[in-house]
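So you can see what is in the structure, the chains are spelled out below.
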Amino acid sequence: MSETAVTQSENAQTLLKNLHETLNEEKWTRASLGNYSTNQFKDLDVILKKAREEKVLDDLKKTCDDHLTNTRNSIIALYLSGMIALSRQIIDDSAIINLVSIFLDNHKWNIVKYLCERILDYGESKYALRTLADCYKNDNEDDKIFDVWERLVKVDFEEADIVKSIAEHYEKQNNKEETIDYYKKALHRYINKANFANIREIWEKLVNINVEDIDFFLHIQKKIAKAVSDDKAVSLLNELYAKYKNINVDTAIKILKIILEYDEKDVHARREIIECYKKKYAAHSQLDEYIRISNLSENYRAVHQAIADFEKHISFDKGNFVYHRTWGVGRIAGIAGDEIKIDFMKKRGHSMSLKMAVDALQTLSKEHIWVLKATKKRDEIREKIKDKDDNIIWTLKTIIKSFGNACDMKKIKAELSPALLTVSEWSTWSSRARDILKSNPDFGIDPDNSDVFIVRDSQVSVTEKLYSEFAAQKNFYDKISAFRDYTGNKKADPDSEYFTEMFSYFTNFLSSVSASASDSRKSTESINQNAEYAAASYLLINELSSNKNYTHLKSSLTVSFQDVFSNIKDVPLMFKNMKDSKLKTELLSNIKAHISEWPDVYIKLFPYSQLPLITEQLEEGGFEDKLAILCGDCFDQYRDSREAVVWLFKNAREKSWFKAANINIEKQIITLIHILDITFRDIKNHKDTVENRKINKLVHNVLFKDGEITTFIDNSDEEAIIRIFTFINGVKDLDPQDKLNLRSRILDKYPGFKFLGDVEKKVSRGLMVTMAMFEEKKKQLSHIMDVEVPANSKEIEYALSLGDLRENAEYKAAKEKQEQLNSQVAKLKEDIERAQLFDPKSVNTSKVSFGTKVFLNNETIGRQEVFTILGPWESDPNNNIISYLSPFGNAILNKSEGEKFEFAINEERNSYLVEKITQAEI
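Keep in mind the model is a prediction, meaning the values are calculated, not measured.

(A) Focus on the overall build of the protein chain. Across its full length, the protein chain holds 45 helices and 14 strands. The C-alpha atoms of the protein chain give 40 Å as radius of gyration, which overshoots the globular expectation for 922 residues (29 Å, by more than 25%). Overall, the C-alpha framework of the protein chain stretches about 135 × 100 × 55 Å when taken along its three principal axes. A separation threshold of at least 6 residues defines the contact pool for the protein chain, and within that pool the share at least 24 residues apart is 58%. Working note: accessible area of the protein chain is about 47,900 Å², and carbon and sulfur atoms make up 46% of it. Positive and negative side-chain charges of the protein chain, numbering 134 and 147 respectively, have mean locations separated by a distance of 3 Å.

Here it is, written out as structure tokens:
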């Protein structure tokens, strides 16, 4: 041992010895609490610093913990043990809290403040902040209380009264922005507590000072209905309606519709919505008539049907636009009684009854994209939609509003490309459009579908926009992705109640760690899923707390990783289901750091996710023997370890531990062929289709694109090649061209190679075809499926819209076409499945067979006849190309040169001599 090391060891021993003496001295002298000052704790901080330098913190903590078992109120032991626990983020903080309580009970406010500040040096603590605020209150330092309270409510998501007090504080200072922000926070928290008295009080305040934020009110009322009751939500909406009635009639109608959703028999809301409609459509020529026709004022009529009926009718007025499936866009020229006259582009002056118009026509606003397409020149619209952000924003708003203010990118594309934008133009345009939809405050997303975009009535903040994306996600891991988008965006408010709501979604899983495992009412699947989500939530919060804006969230981890891990019943299954690679990496790091048997856990996890971190850390830890066993197990159990086998083959063959597994190259190749075959079958049976397609493509690329199978053939004897080709030939769904290429490679090396089950056997099995005709038939099938079938479906849909199927000629014709197409598809699929691709290199001219040209002497009439033998797909009798399945083709099949045979045509028997057999030119 070096002199330096000896000195360090001696210093450490001296430090621990002095600590023992200090603890004993404290025990026997029992110093009065009144004698303590902050200086004594600063002296203890010096001891901590030295212990850290000497690397004896563990020994020091153990000494203190042992001492506390006999002397539980030892100030020194409580402080040292508590501070070490805090520095290591150990969840158990009982030592330091006990210490603060001792001085708090004795009103030693200066020391309490010092201890709280020391706790806060290691991160935000609800207990320390609340206690510190009490200290400032005791000392009448009101200016400092609010600073501490603001920090407190960032980590204590349940605290509502203090949030309300902060809002009132800012209200007195006339700080409107902060006032609104904190009142909103308080409202959210009182809703979670179902405290309606405070909910109403804050609702009224916000309505008075921030009534224009209608989206907030409409969002929050849903939470009130869910947490308290529908009736309470309605009472608050009525207050909001009273404000909007004279401000914005459209918003007033929207509020009344929501009230009627809660209670369709609400007479007051029904009466008010009629008044709002009268105000909105005061200039409409048919207003009173449409109110009468829809029975909107009659309570016996279901209110939602009456509203829909009225809104449908009210859109019919002179000058308004309509759309008919056949005639396209038209404009209402006039309405006289029950008759409406419409000018369509293809049918001007068309008359129909109002009832028929309401049923058959779709009304369009003058800004509807279809109206613009019908009334403006194409080049004019192209200039309006292209290039600039302002143009793209206008286009997006126009199209989204055209379809009920709810539209996905697929629908947007259908309106623009290829009618107005080329494919390449759309690619550039849509990329920019997606960025705008994500960042522009005028756009939001549908709360029930994250793929559907809406145009907002008022601009939405980045914070609310990102929250909406989170709320719209249904999948747990999609929510994690949306949450990361929020926390990674510098413009998103880390202190907003929207963040609190998202964060609580994940902490709720942690709070159920112990409960879910013991709840006998839950299914095993539910318990496993909760355990998975709890683990993912723990890892996410741990990850987030490293972000400087969210370090205070570390205190929300009220359970340890060991607690979370012990709650997982099936770790490999959870690992497989965890759809987030970053969390998987974090999980592995935590397993290694906190679970003693981590190598065995890693080995179990590898077949479910081939993260390089697993093999790298096992290598570094000297566990190559375990890796070698893992390789053998994966190849032996390839059905359950498909992706692992492929990964090992591609990435680990040069590793010493892979070589130690002694898996010869032939077994490796055969195993990959087996995986190729079973993934083909699983895809066909619709079993885990996405995953199997991915693995199938990987294996195919390894064997054929990367050339591993041809390399094997080039370096193997005939017996090994026979075995490999037998397995390849047995993969029914493998592209026939791959098999042909492989045959050619084998024949290049072994020209006389005989394949098992050659042409004669294939002919007897079914349909021999050339590659050209095989591709042609696939194109025919694709055209029918992709073009003719969809077109036929539209024909049927249109025919159905005409009504009365008994006398509907269009419907009958469309259905007959459907039956014809189905029959064609079935026949083509059957033939393609039966098809055996012909390899020109396999032609054997010693006998008449597929792909040969045969020269016959018709001895009966003394004439030479020449025929090419192919299949029914290639048959062309006019050019002497006959099918081997035809009567004459079957008669000459397998005949040799010099052989004679007879064949009867139209009861006339002819004698033939086979003169010559050559390879046909295909």
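(B) Representation of unusual backbone geometry in the model. Between Ser-417 and Pro-418 the backbone carries a cis peptide bond, its omega angle lying at 10 degrees. By the element assignment, Pro-418 lies in the loop between α22 (409-416) and α23 (423-439). With phi around 55 degrees, Asn-662 is a residue other than glycine that occupies positive phi space. The residue Asn-662 is located in the loop between α36 (656-659) and α37 (665-684) in this model. Assessed through its relative accessible area of 68%, Asn-662 is described here as exposed.

(C) Representation of the sheet that holds strand β13 (residues 900-905). Ordered in space as β12-β11-β10-β14-β13, the 5 strands form an open sheet in which the pairing is mixed. Since the sheet does not close on itself, it has two edges, and those belong to β12 (881-883) and β13, each with one partner. Adjacent strand axes in the sheet meet at a mean angle of 45 degrees, parallel and antiparallel pairs treated alike. Pairing between strand β10 (residues 852-858) and strand β11 (residues 863-870): 6 bridges, direction antiparallel. Note that in β11 the partner of Phe-855 across the bridge is Val-866.

(D) Structural context of the pattern of salt bridges. Throughout the structure, instances matching the rule amount to 55 salt bridges. In this structure, the salt-bridge partner of Lys-245 is Glu-272, at a minimum N-O distance of 2.9 Å. Separated by 27 residues along the polypeptide, Lys-245 in the loop between α13 (230-244) and α14 (249-262) and Glu-272 in helix α15 (residues 267-280) bring together distant segments of the chain. According to the relative accessible area criterion, Glu-272 is buried, its value standing at 11%.

(E) Local environment of helix α35 (residues 642-651). Counting buried residues along α35, 7 of its 10 residues qualify, which places the element largely inside the surrounding structure. Within α35, the full set of buried residues consists of Arg-642, Ala-644, Val-645, Val-646, Trp-647, Leu-648 and Phe-649. Each element contacted by the buried residues of α35 is listed here: α33 (612-620), α34 (624-636), α36, α37, α38 (689-705) and α39 (708-714).

(F) Here's a closer look at the sheet that holds strand β5 (residues 362-364). Spatially, the 5 strands line up as an open sheet ordered β4-β3-β2-β1-β5, and their pairing is antiparallel. Looking at the sheet topology across the chains shown, the edges are occupied by β4 (350-353) and β5. The sheet shows a mean angle of 40 degrees between the axes of neighbouring strands, direction not considered. Where strand β3 (residues 339-344) lies against β4, 4 bridges are found, and the strand directions are antiparallel. Looking at the pairing, Lys-341 lines up with Ser-351 of β4.

(G) Broad picture of the side chain of Thr-679. Along the chain, the position of Thr-679 falls in helix α37. Residues contacting Thr-679, with those up to four places away along its chain left out, are Arg-642, Asn-692, Ile-695 and Asn-696.

(H) The arrangement of the confidence of the model for the protein chain in detail. Here the protein chain averages 87 in pLDDT, while 94% of its residues score no lower than 70. Taken element by element, the protein chain is modelled with least confidence in helix α42 (residues 759-765), mean pLDDT 42, and with most confidence in helix α11 (residues 196-210), mean pLDDT 96. Ignoring residues within four places in sequence, the model shows residues 1-6, a span with pLDDT below 50, making 1 contact including any to other chains. Low pLDDT, under 50, characterises residues 757-765; the stretch is placed with 13 contacts to residues that sit more than four places away or in other chains.

(I) A look at the packing of aromatic side chains. Inspection of the entire model under this criterion finds 47 aromatic pairs. Aromatic pair Phe-476 and Phe-509: ring centres 5.4 Å apart, planes at 90 degrees, arrangement edge-to-face. Here Phe-476 is found in helix α25 (residues 476-487), whereas its partner Phe-509 is found in helix α26 (residues 497-511), with 33 residues between them in sequence. Given a relative accessible area of 14%, Phe-509 falls into the buried group. Measuring from ring centre to ring centre gives 4.9 Å for Phe-838 and Phe-850, while their planes differ by 55 degrees; the resulting arrangement is tilted. Taken together, the residues Phe-838 in the loop between β9 (835-837) and β10 and Phe-850 in the loop between β9 and β10 connect sequence positions 12 residues apart. Among the aromatic residues, those joined into a cluster by ring pairs are Phe-157, Phe-470, Phe-476, Tyr-477, Phe-483, Tyr-486, Phe-499, Phe-503, Tyr-505, Phe-506, Phe-509 and Tyr-533. When the ring centre of Phe-575 is taken as reference, the NZ or CZ atom of Lys-584 above it lies at 5.0 Å.

(J) The arrangement of helix α12 (residues 214-227) in detail. Between its terminal C-alpha atoms α12 stretches 20 Å, which fits the 20 Å expected from 14 residues at 1.5 Å a residue. Burial within α12 is extensive, with 11 of its 14 residues counted as buried. Among the residues making up α12, those that are buried are Ile-214, Asp-215, Phe-216, Phe-217, Leu-218, His-219, Ile-220, Gln-221, Lys-223, Ile-224 and Ala-225. Those residues of α12 hidden inside the fold are in contact with α10 (176-193), α11, α13, α14, α24 (462-472) and α26.

(K) Quick peek at the packing of helix α9 (residues 161-172) against α11. The interhelical angle for the contact between α9 and α11, taken along N-to-C directions, is 25 degrees, at an axis separation of 13 Å. With respect to α11, the axis of α9 lies roughly parallel. α11 is crossed by α9, and the crossing has left-handed handedness. Taking contact as the criterion, the partners of Asp-161, Lys-164, Glu-168 and Glu-171 in α9 are, on α11, Asn-198, Glu-201, Ile-202 and Lys-205.

(L) Quick peek at the nonpolar core. By size, the foremost hydrophobic cluster in this structure holds 217 residues, and its most contacted members are Phe-41, Tyr-79, Leu-240, Phe-316, Ile-591 and Leu-648. If you tally residues by element for this core, the top one is helix α28 (residues 524-544), at 10 residues. Filtering out sequence-adjacent residues up to four positions away, Ile-591 remains in contact with Phe-561, Phe-565, Trp-598, Val-601, Tyr-602 and Leu-605. Counting 30 residues, the second-largest nonpolar core is a separate cluster that includes Leu-364, Val-371, Ile-412 and Phe-443.

(M) Representation of a negative patch on the surface in the model. A contiguous patch of negative charge on the surface is contributed by Asp-230, Asp-231, Glu-261, Asp-263 and Glu-264. When you line up the elements, Glu-264 lands in the loop between α14 and α15. Assessed through its relative accessible area of 41%, Glu-264 is described here as partly exposed.

(N) Representation of the pairing of β4 within the structure. Here β4 shows a clear split, with His-350 and Met-352 buried on one side and none of Ser-351 and Ser-353 buried on the other. Joining the antiparallel neighbours β3 and β4 is a turn of 5 residues, in which Gly-349 adopts a positive phi near 70 degrees.

The rules we used
- Residues numbered from 1 in each chain as written.
- Predicted model: local features only at pLDDT ≥ 70, side-chain atom pairs only at ≥ 80, totals over all residues.
- Heavy atoms only, no water.
- Helix = DSSP H or I, 4+ residues; strand = E, 2+ residues; numbered from the N terminus.
- Rg over C-alpha atoms; globule rule 2.2 N^0.38 Å.
- Contact = heavy atoms within 4.5 Å.
- Areas by Shrake-Rupley, 256 points an atom, 1.4 Å probe, with all protein chains shown as cover.
- Lys, Arg positive; Asp, Glu negative; His and termini not counted.
- Charge placed at Lys NZ, Arg CZ, Asp CG, Glu CD.
- Buried < 20%, exposed > 50% of the residue type's maximum accessible area, 1.4 Å probe, protein only.
- Pairing = 2+ DSSP bridges.
- Axes fitted to C-alpha atoms, helices over the stretch in contact; angles between N-to-C directions.
- Salt bridge = Lys/Arg side-chain N within 4 Å of Asp/Glu carboxyl O.
- pLDDT = per-residue confidence, 0-100.
- Phe/Tyr/Trp six-rings, centres within 6.5 Å; stacked < 30°, edge-to-face > 60°.
- Lys NZ or Arg CZ within 6 Å of the ring centre and 35° of its normal.
- Expected span 1.5 Å × (residues − 1).
- Parallel < 35°, antiparallel > 145°, perpendicular 65-115°, else oblique.
- Left-handed = near helix turned anticlockwise from the far one by under 90°.
- Core = buried A, V, L, I, M, F, W, Y, C linked by side-chain atoms within 4.5 Å.
- Patch = residues over 30% accessible without salt bridge, like charges linked within 9 Å, V, L, I, M, F, W, Y side chains within 5 Å.

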